[in-house]
2 protein chains.
Amino acid sequence: MILTVTLNAALDLTYRVPHLVPHASHRVREVTERPGGKGLNVARVLAALGLPSTVTGFAGGETGRVLRALLAADAEAAGPDGRALVTDALVTVAGNTRRTVGVVDETTGDTTQLNEPGPHITPDEWETFLAAYRELLDGQVRAVALCGSLPPGVPVGAYATLVREARTARVPVLLDTSGEPLRRGLAARPDIIKPNAEELAGITGTAEPLRAARAAQRRGAHTVAASLGADGMLLVTPDGAWSAAVPERLTGNPTGAGDSAVAGLLSGLAEGLPWPDRLARAVALSAATVRSPVAGEFDEETYTGMLPAVRVRPSEAPSAP
Amino acid sequence: MILTVTLNAALDLTYRVPHLVPHASHRVREVTERPGGKGLNVARVLAALGLPSTVTGFAGGETGRVLRALLAADAEAAGPDGRALVTDALVTVAGNTRRTVGVVDETTGDTTQLNEPGPHITPDEWETFLAAYRELLDGQVRAVALCGSLPPGVPVGAYATLVREARTARVPVLLDTSGEPLRRGLAARPDIIKPNAEELAGITGTAEPLRAARAAQRRGAHTVAASLGADGMLLVTPDGAWSAAVPERLTGNPTGAGDSAVAGLLSGLAEGLPWPDRLARAVALSAATVRSPVAGEFDEETYTGMLPAVRVRPSEAPSAP
């Protein structure tokens, strides 16, 4: 199985309003609730691909209870023959799991996002999580994905610790975060990082993606999978560099596209696919997520149609080892 | 005790953001949760004035549980000598109590409001509520306030039914709602309605407040207490008409000012004060709510300082009976 870590899981609320006007009062026409946070999104996409995963991180309070109930319902609905493809290994905390609110403006189609900061994690809760994480790594874990922001109270070097533990357990580790947690995590030498162009520029000071990816490798990442929005993805590995994009310009909702890319990379890793095939899968899943009418879900038909159309090109000769 | 009815109670969330920009992503700096819905706000102000009340209406789901836990904590904190001044008589329903989200823009000071529609109330749940309401009216109720919007599933003539029940039980009844529920409720002859200028114009077709209040009386209201924003309030009773305002122009957050006015009118009724004194109390409480740094709460010092300064003026000779 694949392990995904979401330290700042969320209950994602989507509010549809006729038109969002600052300082006005709005009747919300439709409310949807779903389990959120990057690692939980990755697990949902893996499940849709038929791959089992275990999710860990923190959950607490009434919002945490709603999150876990929805997660259980999703897992039951998605699994074939009643077999749940997503296992809940979240660690219960005293604080209340955060909500995120996405306000969809039905006139413009735009989404305005409001993200709560998350519960305060105590040192004891962090230690409890670390012990649970170590135990999970000792199981049948094919890969681990460390995803998203850190809730208050968790040390800023948390991902460096989690990367080191995974490497000690000889489990391939992908890190998908930003800012200082990414900078610190990088130093612990993760197998893959998956920044977007802005995050990559932020930690390397270099706006040109290929140069920035090389810089990130020098700082510790073995492989850099950079999502470049409409320009697709750039994959820089110790064995070569490739870029890939879908042939047509996409319109839609990019929410969750990055998480689908992570699921694509991990599923390709789990199946032992060559790098260019993993990249194609990540790009097709990403595109199918942008095109899905439901934020954060991917459209299966778009995915299967898109996969053969993804153009993977070598970016340059492999770098020196 | 005073009974307040909130058919569409809410968990009010306040999000503080540095600056709200449509289509952007925002980190919420601070989240506050409190029991919401007009009748619950009225009960909170009554408690601050030392008057006991019972709140009823509907609550359900995880949000309902949070709402009731906060209500219990508030009641415990507010009551003198451990005596709770707010009694929870909410009827449990299967649906999830709605949330409202107020997004405070720290740059402009403006609040953008997002209100969920509320749970669907089944016919059985409505009947259960009606039975509970009748039983409450048979107790020691000095007055009942019917407050706010109707959740989905509740008949649009609900307030007409509740007004009639109160009149049968000889309990003075105040109705504070808008649109069709107000129009229907009016026909059942409530003792007091408390519309704002816009709501009053909406049901009477008359923009001039005094003429509109007279029109509302002809349609069934014994007394009309119209809140006119910065112009204070207009009170048109069978015994005379008065207007009142605070001497200075107020700046602040008007959220909950109308609910404080309702609490002022009811507390004056419960104490048997003459109409002009009830009006002065309503206006001073309203003003103290606008000036409070916390939305929906009133500033006690502002209230006691403001009360003697409220100017009450006869609006014209008493109307013909």
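Refer to the structure above for everything that follows.
Fair warning: this is a prediction, and the values are worked out from it, not measured in the lab.

Cut-offs and rules
- Residues numbered from 1 in each chain as written.
- Chains lettered and ligands numbered in written order.
- Predicted model: local features only at pLDDT ≥ 70, side-chain atom pairs only at ≥ 80, totals over all residues.
- Heavy atoms only, no water.
- Buried < 20%, exposed > 50% of the residue type's maximum accessible area, 1.4 Å probe, protein only.
- Helix = DSSP H or I, 4+ residues; strand = E, 2+ residues; numbered from the N terminus.
- Pairing = 2+ DSSP bridges.
- Contact = heavy atoms within 4.5 Å.
- Right-handed = clockwise from strand over helix to strand, strands pointing away.
- Axes fitted to C-alpha atoms, helices over the stretch in contact; angles between N-to-C directions.
- Buried area = accessible area lost by both parts, 1.4 Å probe.
- Salt bridge = Lys/Arg side-chain N within 4 Å of Asp/Glu carboxyl O.
- Polar contact = N/O pair within 3.5 Å; in protein donor to acceptor, adjacent residues only side chain to side chain.

What to know about the pairing of strand 5 (residues 53-60) of chain B
The side chains of a regular strand alternate, first on one face of the sheet and then on the other. Residue and element names in this part refer to chain B. Extensive coverage of strand 5 is indicated by the burial of eight of its eight residues. What you see with strand 5 is no split at all: Ser53, Val55, Gly57 and Ala59 on one side and Thr54, Thr56, Phe58 and Gly60 on the other are buried throughout. With five bridges connecting them, strand 1 (residues 2-6) and strand 5 associate as parallel partners. Residue pairing for strand 5: Thr6 is matched across the bridge by Gly57. Summarising the sheet, strand 5 and strand 6 (residues 86-88) pair through three bridges and their orientation is parallel. Within the sheet, the bridge partner assigned to Val55 lies in strand 6 and is Asp88.

Examining the environment of B:Ser53
Residue and element names in this part refer to chain B. Looking at the secondary structure, you find Ser53 in strand 5. Given the relative accessible area of 1%, Ser53 is considered buried. Sequence separation of Ser53 and Gln140 is 87 residues, and the distance between their C-alpha atoms is 11 Å. Contacts of Ser53, omitting those with residues within four sequence positions, involve Met1, Ile2, Ala43, Leu46, Leu85, Val86 and Thr87.

Observations regarding the pairing of strand 11 (residues 173-176) of chain B
All names here are of chain B. The two faces of strand 11 match: Val173 and Leu175 on one face and Leu174 and Asp176 on the other face are all buried. In this sheet, strand 11 lies alongside strand 10 (residues 143-147) in parallel orientation, the contact comprising four bridges. Residue Ala145 lies in a different strand from strand 11, and its bridge partner there is Leu174. Read from strand 10 through helix 4 (residues 158-168) to strand 11, the crossover connection turns out right-handed. This β-α-β element, strand 11 to helix 5 (residues 179-186) to strand 12 (residues 192-193), shows right-handed connectivity.

Things to note about the sheet that holds strand 2 (residues 10-17) of chain B
Ordered in space as 3(A)-9(B)-8(B)-2(B)-4(B), the five strands form an open sheet in which the pairing is mixed. Of all the strands in the sheet, just strand 3 (25-27) of chain A together with strand 4 (30-36) of chain B have a single pairing partner and so form its edges. Across the sheet, the mean angle from the axis of one strand to that of its neighbour is 20°, orientation sign disregarded.

Re the environment of A:Gly64
Residues and elements named next belong to chain A. With respect to the element layout, Gly64 can be found in helix 2 (residues 61-78). In sequence terms Gly64 and Glu271 are 207 residues apart; their C-alpha atoms lie 33 Å from each other. Ignoring sequence-local partners within four residues, the contact set of Gly64 consists of Ala59, Asn96 and Thr97.

Some remarks on the interface of chain B and chain A
Facing the 30 residues of chain B at the interface are 30 residues of chain A. Of the roughly 2,500 Å² buried at the junction of chain B and chain A (both faces included), carbon and sulfur atoms supply 55%. Where chain B touches chain A, the interface holds four salt bridges. Between A:Glu62 and B:Arg65 there is a salt bridge whose closest N-O contact spans 3.9 Å. For the interface between chain B and chain A, the tally reads 16 residue pairs in polar contact (both at pLDDT 80 or more). If you list the elements that add at least two residues to the side of chain B that touches chain A, you get strand 2, strand 3 (25-27), strand 4, helix 2 (61-78), strand 8 (98-105) and strand 9 (111-115) of chain B. With five residues, the single largest contributor to the side of chain B that touches chain A is strand 9 of chain B.

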